[in-house]
Amino acid sequence: MIFEQIIFYLFSAVLVTAAVGMVTVRNPVYAALCLILSFFTSAALWLLLEAEFLGIVLVLVYVGAVMVLFLFVIMMLDLNIDPLKEGFAKYAPGGFLVAGVIAVEMIMVLRSAPFQIATPRAPAPENNTEALGAILYTNYVYPFEIAAVILVVAIIAAIVLTLRRRPDSRKQDISEQVQVKRADRVRLVKMKSETKEQA
């Protein structure tokens, strides 16, 4: 077994372990950290496949931006999902059954005729980033734009989830501050001066 195969199986094992940990751990912060580890190992697998651009983008976009946002939201919401995961063992057989069906379907699709290419492929371009950009902004420009809109909506939803009304917080109302008058804030009180006889 050559060195590249050893590296591939090592990263694959770490990826599968991180993915299983992301689903099974109870703490949402630990789940997000497991997802970050799975992203890193997926990027390493992309680098082994000589797709450097996809590997770097996976680290920069998902780990550097999306997962950091997820961690902020999780920590701000202070989620307690332990009651939701109490019935995990109850629904585990159904989950394993669905996972098995999906795996069989994927194997059947990969063994179908369109995936069995007998003719030699065209030589890969020297710059795969340029080829990927040309395909992305010509043939797949509409799905690319739709994905961008979905990501923007997800970011806005995450921000909205963190905005909670707290009764003990103090907020300024600029319109009330501008419209205030002196008589509303200052009260003049006239008092008689005290004399020695009164004292």
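Note: the structure precedes this text.
Being a predicted model, the structure only gives us computed values, none of them experimental.

### Re the packing of helix α2 (residues 28-48) against helix α3 (residues 52-77)
Then step 1. Contact geometry of α2 with α3 gives a least axis separation of 8 Å together with a crossing angle of 175°. Between α2 and α3, the crossing angle belongs to the class labelled roughly antiparallel. Where α2 abuts α3, its residues P28, V29, A32, L33, L35, I36, F39, F40, S42, A43, W46 and L47 lie against E52, L54, G55, L58, V59, Y62, V63, M67, L71, I74 and M75.
Then step 2. Classifying every residue of the contact of α2 with α3 by side-chain character gives 20 nonpolar, two polar and one charged.

### Examining the nonpolar core
Then step 1. If you look at the biggest cluster of nonpolar residues, it comprises ten residues: A32, L35, I36, F39, A43, L58, V63, M67, L71 and I74.
Then step 2. Those elements giving two or more residues to this core turn out to be α2 and α3.

### A look at the environment of Q5
Then step 1. Summarising the element assignment, Q5 is placed in helix α1 (residues 3-24).
Then step 2. With relative accessibility at 37%, the residue Q5 sits in the partly exposed group.
Then step 3. Taking the C-alpha atoms as reference points, Q5 and L48, separated by 43 residues in sequence, lie 9.6 Å from one another.

### Side note on the side chain of T41
Then step 1. Note on placement: T41 falls in helix α2.
Then step 2. With residues up to four places along the chain from it excluded, the contact list for T41 reads F11, V14 and L15.

### Topic: the layout of surface pockets
Here the idea is plain: a probe the size of a water molecule rolls over the atoms and shows the empty space left.
Then step 1. What the largest pocket holds in volume is close to 580 Å³.
Then step 2. L54, V57, Y62, L136 and F144 are the residues nearest the centre of the largest pocket, which is lined by 17 residues in total.
Then step 3. Counting only elements with at least two residues in the lining of the largest pocket, the list comes to α3, α5 (128-136) and α6 (141-162).
Then step 4. When residues of the lining of the largest pocket are assigned to their parent elements, the largest contribution, six residues, is made by α3.

### Details of α2
Then step 1. The first and last C-alpha atoms of α2 sit 30 Å apart over 21 residues, in line with the 30 Å expected at 1.5 Å per residue.
Then step 2. Trailing α2 by a residue or two, E50 shows a phi angle of about 65°, which is positive.

About the criteria used
Residues numbered from 1 in each chain as written. Predicted model: local features only at pLDDT ≥ 70, side-chain atom pairs only at ≥ 80, totals over all residues. Heavy atoms only, no water. Axes fitted to C-alpha atoms, helices over the stretch in contact; angles between N-to-C directions. Helix = DSSP H or I, 4+ residues; strand = E, 2+ residues; numbered from the N terminus. Parallel < 35°, antiparallel > 145°, perpendicular 65-115°, else oblique. Contact = heavy atoms within 4.5 Å. Nonpolar A, V, L, I, M, F, W, Y, C, P; charged D, E, K, R; others polar. Core = buried A, V, L, I, M, F, W, Y, C linked by side-chain atoms within 4.5 Å. Buried < 20%, exposed > 50% of the residue type's maximum accessible area, 1.4 Å probe, protein only. 1 Å grid on protein atoms, 1.4 Å probe; cavity = no way out; pocket = protein on both sides within 12 Å on 5 of 7 lines; lining within 4 Å. Points joined across faces, edges and corners; volume = space filled by probe spheres on them. Expected span 1.5 Å × (residues − 1).

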